[in-house]
Amino acid sequence: DIQMTQSPSSLSASVGDRVTITCRASQSISRYLNWYQQKPGKAPKLLIYTASNLESGVPSRFSGSGSGTDFTLNITSLQPEDFATYYCHQSYSTPLTFGGGTKVEIK
Amino acid sequence: EVQLVDSGGGLVKPGGSLRLSCAASGFSVSSFGFNWVRQAPGKGLEWVSSISTSSNYIYYADSVKGRFTISRDNAKNSLYLQMNSLRAEDTAVYYCARDKDDILSGYSVWGQGTLVTVSS
């Protein structure tokens, strides 16, 4: 099974900050890495698919990069509505797996 | 509006069964692959199962293989998850999720989730 390791598991940031979340796969997954945002009590929302493609309707302050085993989600100029938990997800091979999540909190 | 509505959750005793449903509106399920993803209370996301457009390809997590069955009814525009031999560790919110384009491209539409509680 492919293990997905996210870091950090949590972070505190201020509105306007730039935030970087990383996700490492235990083996190469090409570019089949997706990012989701989840707010408490709500379903996850797709932000980025296949490493760097911005989902329709998602603000351009979100961006993704990477390939192989190392991936990054960047949020430029953090907004109040961005405080949430973020998950990476590999869709390269079954069993499909998610990272443990990164909780972005208000400093 | 493109929407998925999850239902069928509830309280069930260990060893019992439940059937979850996911009703789609605003699009035809026949054109997409679907998935079930669960989230135990206070925990992260866990993939449970996937089914292809034609039901030719079906996959399960090892933790549910042999106990859960995913299916779809294109005529009813719905997806299902039959859960048997339920265990306490199956307690979670269960979400159905639609492939964006295919199994490789992430899940672009999610249901609101339905809570399954396994307890005596």
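Predicted model only: the values in this text are computed from it and were never measured. (Residues numbered from 1 in each chain as written. Chains lettered and ligands numbered in written order. Predicted model: local features only at pLDDT ≥ 70, side-chain atom pairs only at ≥ 80, totals over all residues. Heavy atoms only, no water.)

**Some thoughts on the pairing of strand E9 (residues 92–99) of chain B**
Residues and elements named next belong to chain B. Counting buried residues along E9, 7 of its 8 residues qualify, which places the element largely inside the surrounding structure. Where strand E4 (residues 34–39) lies against E9, 6 bridges are found, and the strand directions are antiparallel. Paired with Trp 36 across the bridge in E9 is Cys 96. By the bridge criterion, 3 bridges tie E9 to strand E11 (residues 114–118) in an arrangement that is antiparallel. Bridging across to E11, Ala 92 finds its partner in Val 116. Examined bridge by bridge, E9 and strand E10 (residues 107–110) share 3 bridges and lie antiparallel to one another. (Buried < 20%, exposed > 50% of the residue type's maximum accessible area, 1.4 Å probe, protein only. Helix = DSSP H or I, 4+ residues; strand = E, 2+ residues; numbered from the N terminus. Pairing = 2+ DSSP bridges.)

**Some words on the layout of surface pockets**
Estimated volume of the largest pocket: approximately 450 Å³. Along its surface, the largest pocket is lined by 25 residues, and Gln38(A), Pro40(A), Thr85(A), Tyr87(A) and Gln39(B) are the ones closest to its centre. Of all elements in the fold, only strand E9 (85–90) and strand E11 (102–106) of chain A together with E9 of chain B reach the threshold of two or more residues within the lining of the largest pocket. Looking at which element gives the most residues to the lining of the largest pocket, the answer is E11(A), with 4 residues. Taken together, the residues of the lining of the largest pocket sort by class into 10 nonpolar, 10 polar and 5 charged. (1 Å grid on protein atoms, 1.4 Å probe; cavity = no way out; pocket = protein on both sides within 12 Å on 5 of 7 lines; lining within 4 Å. Points joined across faces, edges and corners; volume = space filled by probe spheres on them. Nonpolar A, V, L, I, M, F, W, Y, C, P; charged D, E, K, R; others polar.)

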